[in-house]
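Results of the structural survey
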Amino acid sequence: MSVQQTLSILKPDVTRRNLTGKINAKIEDAGLRIIAQKRLWLTRAQAEGFYAVHAERSFFSDLCEFMTTGPVVVQVLEGSDAVVKYRDIMGATNPANAAEGTIRKEFAESIEANSVHGSDSEENAASEISYFFSRTEIVG
Ligand code: ADP
Ligand code: MG
């Protein structure tokens, strides 16, 4: 086990339904610490830059549109094996396939409006964290 940081985003379907506190409770109950957090309304360019790895996918344009329909909350989470731990409590991308007790099973509206983003590797976590946060904004 190693202490890691991962990038989390509470998506616009969460802020629209006033669920940020419920999801933060699940994060903290899992033993992850929210060591940086801010609420942003992404521009189209910010959403496209963040999801650039998916630029060739059929859902890219709709995804970037969705991510600009309302505020998001971007967060840095820290804890032992934080990358995998957060992916585990998020649940599968498609809520129809998400396990009981996961955030997406409980809260996601659809495969697109699926409530949360979490980095999928330590390497991607580092670049995603630096996309939204400066060092001085991360207080462990
Ligand atoms: P995850 O967020 O689980 O890592 P991906 O990285 O594959 O999933 O996809 C990024 C985001 O794109 C998903 O969280 C979801 O919002 C959206 N998405 C993924 N697949 C689809 C799809 N088939 N149709 C619509 N939106 C999708
Ligand atoms: Mg992903």
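The following refers to the structure shown. (Residues numbered from 1 in each chain as written. Chains lettered and ligands numbered in written order. Predicted model: local features only at pLDDT ≥ 70, side-chain atom pairs only at ≥ 80, totals over all residues. Heavy atoms only, no water.)

1. What to know about the site of ligand 1
Around ligand 1, the surrounding shell consists of Lys11, His54, Phe59, Leu63, Arg87, Thr93, Arg104, Ile111, Glu112 and Asn114. Take Arg104: an N or O atom from its side chain is 3.0 Å from an oxygen atom of ligand 1. When isolated, ligand 1 has an accessible area of 530 Å², and the protein chains bury 79% of it. Per-class residue counts for the shell around ligand 1 are 3 nonpolar, 3 polar and 4 charged. (Near = heavy atom within 4 Å. Polar contact = N/O pair within 3.5 Å; in protein donor to acceptor, adjacent residues only side chain to side chain. Areas by Shrake-Rupley, 256 points an atom, 1.4 Å probe, with all protein chains shown as cover. Nonpolar A, V, L, I, M, F, W, Y, C, P; charged D, E, K, R; others polar.)

2. A closer look at the pattern of salt bridges
Counted according to the given criterion, the structure contains 8 salt bridges. The partner of Lys26 in a salt bridge is Glu106, and the shortest N-O contact between them spans 3.0 Å. Of this pair, Lys26 sits in helix H2 (residues 20-29) while Glu106 sits in helix H6 (residues 103-107), placing them 80 residues apart in sequence. The class of Glu106 is partly exposed, set by a relative accessible area of 47%. Between Glu65 and Arg44 there is a salt bridge, with the nearest N and O atoms lying 2.9 Å from each other. Here the residue Glu65 occupies a position in helix H4 (residues 60-66), and Arg44 occupies one in helix H3 (residues 44-50), the gap between them amounting to 21 residues. Among the residues examined, Glu65 registers a relative accessible area of 43% and is labelled partly exposed. Through salt bridges with shared partners, one network takes in Asp13, Arg16, Arg17 and Glu109. (Salt bridge = Lys/Arg side-chain N within 4 Å of Asp/Glu carboxyl O. Helix = DSSP H or I, 4+ residues; strand = E, 2+ residues; numbered from the N terminus. Buried < 20%, exposed > 50% of the residue type's maximum accessible area, 1.4 Å probe, protein only.)

3. Structural notes on the nonpolar core
Counting residues in each nonpolar core, the largest one holds 21 residues, and the members touching the most others are Leu7, Ile9, Met67, Val76, Phe132, Phe133 and Ile138. Those elements that provide at least two residues to this core are strand E1 (3-10), strand E2 (33-40), H3, H4, strand E3 (72-80) and helix H7 (122-132). Top contributing element to this core by residue count: H4, with 4 residues. Filtering out sequence-adjacent residues up to four positions away, Leu7 remains in contact with Phe50, Gln75, His117, Gly118, Ser119, Ala125, Glu128, Ile129, Phe132 and Phe133. Membership of the second largest hydrophobic core comes to 15 residues, among which are Tyr86, Met90, Ile103 and Phe107. (Core = buried A, V, L, I, M, F, W, Y, C linked by side-chain atoms within 4.5 Å. Contact = heavy atoms within 4.5 Å.)

4. What to know about the side chain of Glu128
With respect to the secondary-structure elements, Glu128 resides in helix H7. Buried and unpaired, Glu128 has Arg87 as its nearest opposite-charge partner, separated by 7.7 Å. Here Glu128 is in contact with Leu7, Phe50, His117 and Ser119, once residues within four sequence places are set aside. (Lys, Arg positive; Asp, Glu negative; His and termini not counted.)

5. Digging into the sheet that holds E2
Overall, antiparallel pairing links the 4 strands, which are arranged E2-E3-E1-E4 in an open sheet. Every other strand in the sheet has two partners, leaving E2 and strand E4 (116-118) as the edge strands with one partner each. Shown here is a sheet whose adjacent strand axes are inclined to one another by a mean of 20°, direction ignored. Sheet topology places E1 next to E3; 8 bridges connect them, and they run antiparallel. Its bridge partner being in E3, Gln5 is matched across the sheet by Glu78. Lying over the sheet, helix H5 (residues 82-90) contacts E1, E3 and E4, oriented at roughly 35° with respect to E1. Set on the sheet, H7 makes contact with E1, E2, E3 and E4; between it and E1 the angle comes to about 55°. (Pairing = 2+ DSSP bridges. Axes fitted to C-alpha atoms, helices over the stretch in contact; angles between N-to-C directions.)

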